[in-house]
Amino acid sequence: MTDVATDATKILMCPPHHYDVDYVINPWMEGNIHRSSQDLAQEQWGKLHSVLKDYAVVELVTPQKGWPDMVFTANAGLLLADQVVLSRFFHPERQGEEPFFQKWFEDNGYTVHTLPESLPFEGAGDALFDRAGGWLWAGYGFRSELDSHPYLSKWLDVEVISLRLVDSRFYHLDTCFCPLTDGYLLYYPGAFDDYSNRLIEMRVPEDKRIAIDEVDAIVFACNTVNIGRTVVMNKASETLQKKLTEKGFEVVETPLTEFLKAGGAAKCLTLKMTEPRAASPQTSTIQSRVVHLEGHLLDSGLVNQTLDTIVSGGGSFQVIKFELGKQRNDKSVADVKVSAPDVTVMDDIMGQLIDLGAVSIPRESTSTTLEPVVQAGVAPDDFYVTTIYPTEVLIGDHWFRVQGQRMDGAIAVTRDNGNITARCKLLRDLEVGEEVVVGSQGIHTIRKATSLKKKSSEEFSFMGAGVSSERRVELVVEQIAWDLRQIRDRGGKVVVTAGPVVIHTGGSEHLRKLIQGGYVHALLGGNAIAVHDIEQSMMGTSLGMDMKRGVSVHGGHRHHLKAINTVRRYGSIAKTVEAGELTSGVMYECVKNNVPFSLAGSIRDDGPLPDTKMDLIAAQADYARLIEGADMILMLSTMLHSIGVGNMTPAGVKMVCVDINPAVVTKLSDRGSVESTGVVTDVGLFLSLLVQQLGKLTGQYTKVESIR
Ligand code: ARG
């Protein structure tokens, strides 16, 4: 499509008789109240008017006293052929202009469309037709609501591309964006969010994009009236002038400083009435959904987090209902309408809201969407990826609790004689005939109020620095000891993952005591911890180092292979114990105290021990089985096995990560789960403190009855 012929261009302006800066509704107006000169404004407006008359037919609307911003006719409405969508101003300061513009449009034969009340949209200030593609670029974020865009698309029969404005200085689309003849685009990328910049780059080829710098942006270089090959603006730097000239445009500068004080310039002062008829078909990809929030919304910060998530995800919101609980313990409820420029953005936002524990109210369908598994081990596209938080799904009109909660799985639904079960499954375990939850409708995660606070995990540093941190580690160990004691005494479950460092740092004797004391109900690790433990028990060395004297023993580097060999001879660790060949150590205590253990193999394993599972899928399944029902997981200096365990642990399980390397601790404890505690310290030292503390609590380590 080509641009309209120059002689056909018609423009609406409003003389500045009543213009002044009377209030502040954008950053430019700040400090400028009554600071613009009436005379100069008159003169500058007059010049613009006369320049434009050379290129277009200019019509005038009568200015009205008390409505100083009426000079900015761009905000009267959005015109296309004989249709106009009347503006609904965001600020009351400008709402009084609406009837005057409406009357002018009606008197001049336009069909006027009015938006629902309280749905702000500021006309051609926030909506600009592309001059080649025929679609409409529409801005939102400050003055116009995203939800107005579908109306534009419907009434004007155009495709709408929604762009999100993020810099308050560029509060209207026309302050930072100007489509030019032949599909060129003059714009300031800094005014838009990343997603919108991507949209722009997808639609406008690189050689047609004229991106300007801030220096030009702040003198309103984008606020340009473009007629044919002429661009009329307040001011442009030499660089910009050169760029425009190279692309075949003639730049006309006309100073509009007095209007800049109100946050407007050339384009704002005009409304083009002859827009080319759109070529592209009507579509609007805008999505809206209502989410329902419930709980201690203010205390927990859920409302803020929800609204932030929506906005930073590229959507917009309207709070439809908010009922604040009256007493401290009362719950609050809120309904929030979420709008997003398209399905992808909506799904992304919804995914994050579900993680926050926001319940989505599905619009038409009452239930989650299910799609069948057609290939074993492969989920349908768009499957919902699970988190560590307890989850419910709406099927029919029942909410079903998802079983086997863990992160990074899919939700598989099976129906057995009308009995519906929803369960977290790994992709590889999906079976043909099962159905899988897709999209984000009808899914709800349950989060404790406290687990919403982002930086929830605590970290304690021991080796770190300072005397006070030593005291802090003591305090945290006290707490952990107390928890361990509670869990043990009520018949709960503690799982330990441990790396070989536990043995090297002399932690073995303490870990043994924990096992003897009934504080450990499953041990998870790799080949190495078992090998080093057995080597130490059999030969007094760990990887050839004498553990008592701290020196390497002659020929000691072969010790660990000898240990492996012995266990291989007997067929398993348990059988080695039975044969009386292994008589002490961590593994020995596990066998003696019936504490199940699982050793997961890896590429670097020597041997391995017969007990080590080299089939990793089987090892993962074994770990998962042992973790089930855990109340606490003690992660002792093994990043590999701890991350493995973390991935399969649902929220609500206390996790304590101990490592000398702060990076490991951070990585493990920062899972958004409030129940995690990180301790940066030597693991041997930690265990000795822990055992000492437990001793203070109990006076002894004797095992209580009925530990499972
Ligand atoms: N003071 C006016 C306002 O804040 C300026 C409007 C500028 N118009 C525009 N299309 N950018 O609403």
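Provided above is the structure to which this section pertains.
Attention in this report is confined to the structure presented alongside it.

Here is what the cut-offs are and how they apply
- Residues numbered from 1 in each chain as written.
- Predicted model: local features only at pLDDT ≥ 70, side-chain atom pairs only at ≥ 80, totals over all residues.
- Heavy atoms only, no water.
- 1 Å grid on protein atoms, 1.4 Å probe; cavity = no way out; pocket = protein on both sides within 12 Å on 5 of 7 lines; lining within 4 Å.
- Points joined across faces, edges and corners; volume = space filled by probe spheres on them.
- Helix = DSSP H or I, 4+ residues; strand = E, 2+ residues; numbered from the N terminus.
- Nonpolar A, V, L, I, M, F, W, Y, C, P; charged D, E, K, R; others polar.
- Near = heavy atom within 4 Å.
- Polar contact = N/O pair within 3.5 Å; in protein donor to acceptor, adjacent residues only side chain to side chain.
- Areas by Shrake-Rupley, 256 points an atom, 1.4 Å probe, with all protein chains shown as cover.
- Sits in = over half its atoms within 2 Å of the grid points.
- Expected span 1.5 Å × (residues − 1).
- Buried < 20%, exposed > 50% of the residue type's maximum accessible area, 1.4 Å probe, protein only.
- Arc of directions from axis to C-beta.
- Contact = heavy atoms within 4.5 Å.
- Core = buried A, V, L, I, M, F, W, Y, C linked by side-chain atoms within 4.5 Å.
- Patch = residues over 30% accessible without salt bridge, like charges linked within 9 Å, V, L, I, M, F, W, Y side chains within 5 Å.
- Salt bridge = Lys/Arg side-chain N within 4 Å of Asp/Glu carboxyl O.
- Lys, Arg positive; Asp, Glu negative; His and termini not counted.
- Pairing = 2+ DSSP bridges.
- Axes fitted to C-alpha atoms, helices over the stretch in contact; angles between N-to-C directions.

Examining the layout of surface pockets
Estimates place the volume of the largest pocket at around 620 Å³. G404, R406, R423, A624 and E628 are the residues nearest the centre of the largest pocket, which is lined by 27 residues in total. For the lining of the largest pocket, the secondary structure elements donating two or more residues are β24 (419-425) and α18 (616-627). By residue number, the principal contributor to the lining of the largest pocket is α18, which donates six residues. Among the residues forming the lining of the largest pocket, the class breakdown is 13 nonpolar, six polar and eight charged.

Regarding the site of the ligand
In the vicinity of the ligand lie 17 residues, with N26, R94, R143, D174 and C268 positioned nearest. The separation between an oxygen atom of the ligand and a polar side-chain atom of N26 is 2.7 Å. Computed on the free molecule, the ligand has an accessible area of 350 Å², of which 100% lies beneath the protein chains in the complex. Applying the majority rule of atoms within 2 Å of the grid points places the ligand in the second largest cavity. For the shell around the ligand, the class distribution of residues is seven nonpolar, six polar and four charged.

Regarding helix α1 (residues 38-53)
In a regular helix each residue adds 1.5 Å, so 16 residues correspond to 22 Å; α1 covers 22 Å between its end C-alpha atoms and thus fits that length. When we look at burial in α1, the residues that qualify are A41, Q44, W45, L48, H49, V51 and L52. Seen end-on, α1 carries its buried residues on one side only, within an arc spanning 165°. Buried positions along α1 lie against β1 (10-13), β2 (57-60), β12 (225-227), β13 (230-233), β14 (250-253) and α8 (257-260).

Things to note about the nonpolar core
Counting residues in each nonpolar core, the largest one holds 84 residues, and the members touching the most others are F177, L186, F192 and L244. Of the residues forming this core, the biggest block, six residues, is contributed by helix α10 (residues 343-356). With residues up to four places along the chain from it excluded, the contact list for L244 reads L180, L186, I210, V231, M233, F249 and V251. Core analysis: the next-biggest nonpolar cluster, separate from the first, contains 48 residues, I515, V520, I529 and I534 among them.

Focus: empty space enclosed by the protein
Rolling a probe over the atoms, with the probe sized like a water molecule, indicates the empty space that remains. In this structure the tally under the stated criterion is two cavities of 30 Å³ or more. Every residue lining the largest cavity is counted, 18 residues in all, and those nearest its centre are L128, R131, K267, K272 and E275. Within the residue set of the lining of the largest cavity, elements represented by two or more residues are β3 (77-80), β6 (127-129), β9 (177-180), β12 and β15 (271-272). A class-by-class count of the residues in the lining of the largest cavity yields eleven nonpolar, three polar and four charged. Around the second largest cavity sit 13 residues that line it, and F72, R94, Y171, A262 and G263 are the ones nearest its centre. When the residues that make up the lining of the second largest cavity are grouped by side-chain class, the tally is five nonpolar, five polar and three charged.

Re a nonpolar patch on the surface
On the surface, L298, V319, F322 and L324 cluster together into a nonpolar patch covering about 360 Å² of accessible area. Here F322 is to be found in strand β17 (residues 316-323). For F322, a relative accessible area of 36% puts it in the partly exposed group.

A look at the side chain of N234
When you line up the elements, N234 lands in the loop between β13 and α7 (238-246). For N234, the side chain forms a polar contact with the main-chain oxygen of V219, separated by 3.0 Å. At 2.8 Å, the side chain of N234 forms a polar contact with the backbone nitrogen of L256. What N234 contacts, discounting residues up to four positions off in sequence, is V219, E253, T254, P255, L256, T257, L260 and A265.

Let's talk about helix α3 (residues 98-107)
Listing the buried residues of α3 in full gives E98, F101, W104 and F105. One side of α3 holds all its buried residues, which, seen down the axis, span an arc of 135°. The first or second residue beyond α3 is G109, which carries a positive phi of 85°.

Here we look at the side chain of R406
Secondary-structure assignment places R406 in the loop between β22 (398-401) and β23 (410-416). Within the buried core, R406 has no salt-bridge partner, and the shortest N-O distance to an opposite charge, that of D408, equals 5.6 Å. Excluding its chain neighbours within four sequence positions, the residues that come into contact with R406 are T386, T387, C424, L426, N647 and M648.

With respect to the sheet that holds strand β11 (residues 209-211)
In spatial order, the strands read β9-β10-β11; together these three strands make up an open sheet with mixed pairing. Because the sheet does not close on itself, it has two edges, and the strands there are β9 and β11. Adjacent strand axes in the sheet meet at a mean angle of 15°, parallel and antiparallel pairs treated alike. Bridge analysis of β9 against strand β10 (residues 184-187) gives four bridges, and the strand direction is antiparallel. What sits directly across from F177, in β10, is Y187. Strands in contact with helix α5 (residues 194-203) are β9, β10 and β11; relative to β10, the strand with the most contacts, it is inclined by about 155°. Together, β9, β10 and β11 form the strand contacts of α7, whose direction differs from that of β11 by roughly 175°.

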